[in-house]
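Observations on chain architecture
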Amino acid sequence: MHIYRRIDDTKDIKSVAFVVCNDEITPVSDIIINTLKPEYRMLSDNEVMQYLYDSPPDIFFIGSDTRTQNQKSFRLCHTIRESGYQGIIVLIADSLKHLGATTEVTSAGFDNYLLSSDSAERIKDIIHWAIINRKRKNKYIIQFDDNPDSFYITDRDGRIHEINKRAAMGSNLTPKEIVRNGINISRVGTLKSFKSIIRPLITEENIGKVFSRTVYERESIFQIKTKIHNVPTIGLVATVVKTDITRTIYARTLDILVNSITMLSQRDNYTAQHSSRVFYYCMHLADRLGYSRNKKFLRELYFAALLHDIGKIGIRDHILLKPGKLTKKEFHMLSTHPVKGYKILKRYEFLRDSVELVRSHHERPDGMGYPDKLRGNQIPLGASIIAVADSFDAMTTNRPYRGSLPYEKAVSEIKENLGTQYNKDVGAAFLSMLTPKLVEDIRNMSRKPLDIIAQELLETI
Ligand SMILES: [Fe+2]
């Protein structure tokens, strides 16, 4: 499946710098050096700026500064960004506790963070995502000539995306021919609104100033940052960086949500890997049911599968971790988790279509499920997919109240309850694709941290 295929772009990392802010950078620096094999420098915080101008590295790794609650490392990151550095900056923290909130880390200008206990594989993953996100952030750079009759748009590499006749006059090519050699310009189609926003800003008194504003286009949110320069050969020019922050918001929100599941698994030691296994089962099952091309369906299903048990953060330990059978009252409490999950997730616009699946993942075709006692076709298909994956995984995993069932027993349990507990077609498709090898593969894949799985998911949908 496409989600696992990936180019190893960490090979392109040639140089890195480690910055020590008070605390030690733990042996993780050795792992990074052994994994990426870059040229590297160890710097103290006051050597950074000099080094930045002389030979900027591809990545800065800044050690977390726990004594001042990261103030020093955050400030340093901010200063590096202010200088116009476009490379990757990663924070290294000793533990999640030393990290502070992940949102603060990204808003300080870091691309990502590492924990000093992270493995080589995870370090590669994190750097891979930092590279992808950075490319995305730098996607739109638009320059306007101050001559009202001529304008052109280029990306950071200087390739022309759009140019009018007047500006093209200096070359022997038509605007069309020029553009054809660059990348597709259809995504830079909002020039008119940019023009009206940016042109009035290009004045002498604004030289050196940066203007920032947020614009809404269709369902996306963009941030436009405009800097006015005085370029001797052209005159006054604005550089416009258009950043699609919708995906950044998605990524951050999803990060927070999956982190709460990871936190939950520190209590019940189950939910995080269970969530990723259910996610992978659902992926295979949707494929088997012929939905591999239906992006909308997959998107809705994948988010819901990953987050289906998030409502358990609202369930008390004495119920969640109870070794014996639950009393009627306790079961009632536990069975509120689909609605709790629904309430948590429905606040997020991009999860709008997934919340119903989270709510209905314990419904049964015979009407004996919860919370809404839906029957047959009233249950969304995605919820039926999650239900069978969820049950199978719960049955084949050790739980506080019982050991895991053998593979064959779990299979016959599903077979016997087709049409009553499980949607007949979905359950049958599940059994038809199931093999002990698939179970083993999914177990191995689900060892990957949930936030990495979530980031990979965002990239494919
Ligand atoms: Fe559940």
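Residues numbered from 1 in each chain as written. Predicted model: local features only at pLDDT ≥ 70, side-chain atom pairs only at ≥ 80, totals over all residues.

1. Regarding the overall build of the protein
What counts here: Only DSSP runs of H or I with at least four residues qualify as helices, and only runs of E with at least two residues qualify as strands; both kinds are numbered from the N terminus onward. Contact between two residues is assigned whenever their backbone-derived C-beta positions fall within 7 Å.
When helices and strands are tallied, the protein shows 20 helices and 11 strands. Contacts in the protein between residues at least 24 apart in sequence constitute 61% of all its contacts with a sequence separation of at least 6.

2. Focus: the sheet that holds strand β1 (residues 15-20)
Put simply, the test is: For two strands to be treated as a pair, DSSP must find no fewer than two bridges joining them. Axes here mean lines fitted to C-alpha atoms, for a helix over just the part in contact, with angles spanning 0 to 180 degrees between N-to-C directions.
Reading across from one edge, β2-β1-β3-β4-β5 is the order of the 5 strands in this open sheet, with parallel pairing throughout. One side of each edge strand has no neighbouring strand; the edge strands of this open sheet are β2 (39-44) and β5 (112-115). Ignoring which end each strand starts from, the neighbouring axes of this sheet average 25° apart. In this structure, strand β4 (residues 88-93) lies alongside β5, joined through 4 bridges in parallel fashion. For A93, the partnering residue across the bridge sits in β5 and is L115. Along the sheet face, helix α3 (residues 71-82) touches β1, β3 (59-63) and β4 and points at about 160° away from the line of β3.

3. Comments concerning the packing of helix α10 (residues 271-288) against helix α11 (residues 295-307)
Convention followed: An angle below 35 degrees is read as roughly parallel, one above 145 as roughly antiparallel, one from 65 to 115 as roughly perpendicular, and any other as oblique. In this scheme the handedness of a crossing depends on how the near helix is turned from the far one: anticlockwise by less than a right angle means left-handed, clockwise means right-handed. Three residue categories are used. Nonpolar comprises Ala, Val, Leu, Ile, Met, Phe, Trp, Tyr, Cys and Pro, charged comprises Asp, Glu, Lys and Arg, and polar comprises the others, including Gly.
In the contact formed by α10 and α11, the axes pass within 8 Å of each other and the chain directions differ by 155°. Classified by the angle their axes make, α10 and α11 are roughly antiparallel. Seen from above, α10 lies across α11 with right-handed handedness. Residues S275, V278, F279, C282, M283 and A286 of α10 touch α11, and the partners they reach there are L298, L301, Y302, A305 and L306. Its residues assigned to classes, the contact of α10 with α11 comprises 10 nonpolar, 1 polar and no charged.

4. Re the environment of S276
By the secondary structure assignment, S276 is in helix α10. With 171 residues separating them along the chain, S276 and R447 place their C-alpha atoms 8.3 Å apart.

5. Some details on helix α16 (residues 381-395)
Let me state the cut-off plainly: Helix span, as expected, comes to 1.5 Å for every residue beyond the first. Exposure criterion: with C-beta atoms placed from backbone coordinates, a residue whose C-beta has 20 or more other C-beta atoms within 10 Å is buried, one with 12 or fewer is exposed, and one in between is partly exposed.
Spanning 15 residues, α16 covers 21 Å between terminal C-alpha atoms, matching the ideal 21 Å at 1.5 Å per step. Most of α16 is tucked away, with 12 of its 15 residues classed as buried. Of all the positions in α16, only G382, A383, S384, I385, I386, A387, V388, A389, D390, S391, F392 and D393 are classed as buried. Buried positions along α16 lie against α10, α11, α15 (355-359), α17 (407-416) and α18 (424-433).

6. Examining the confidence of the model for the protein
Here is the rule we go by: The pLDDT value expresses, per residue, how confident the predictor is, ranging between 0 and 100.
Mean pLDDT over the protein: 79, with 76% of residues reaching 70 or higher. Here residues 138-148 scores under 50 on pLDDT; set against residues more than four positions off or in separate chains, the count is 37 contacts. Predicted confidence for residues 183-191 stays below pLDDT 50, and this span has 11 contacts to residues more than four positions away or in other chains.

7. A word on unusual backbone geometry
Omega for the bond connecting Y370 with P371 falls within 30 degrees of zero, at 10°, which places this linkage in the cis form. Structurally, P371 can be placed in the loop between α15 and α16. Positive phi outside glycine occurs at K37, with the angle close to 50°. Looking at the element boundaries, K37 is found in the loop between α1 (28-36) and β2. Accessibility expressed as a C-beta count within 10 Å gives 12 for K37, which makes it exposed. Although it is not a glycine, K373 sits at a positive phi angle of roughly 50°.

8. A look at the environment of D65
Tracing the backbone through its elements, the reader meets D65 in the loop between β3 and α3. We classify D65 as buried; it has 23 C-beta atoms within 10 Å. Put simply, D65 and V20 are 45 residues apart on the chain and 8.3 Å apart in space, counted from C-alpha to C-alpha.

9. Quick word on the nonpolar core
For clarity, the threshold we go by: Joining buried Ala, Val, Leu, Ile, Met, Phe, Trp, Tyr and Cys residues through C-beta atoms within 7 Å gives a set, and that set is a nonpolar core.
Core analysis: the largest hydrophobic core is formed by 45 residues, its most contacted members being C282 and I386. Taken together, the elements giving at least two residues each to this core come down to α9 (245-268), α10, α11, α15, α16, α18 and α20 (450-460). Sorting elements by how many residues they give to this core places α10 first, with 9 residues. Beyond its immediate chain neighbours, meaning those up to four positions away, C282 contacts L301, A305, I385, I386 and A389. Ranked by size, the runner-up nonpolar core spans 35 residues in total, among them C21, L36, A93 and I123.

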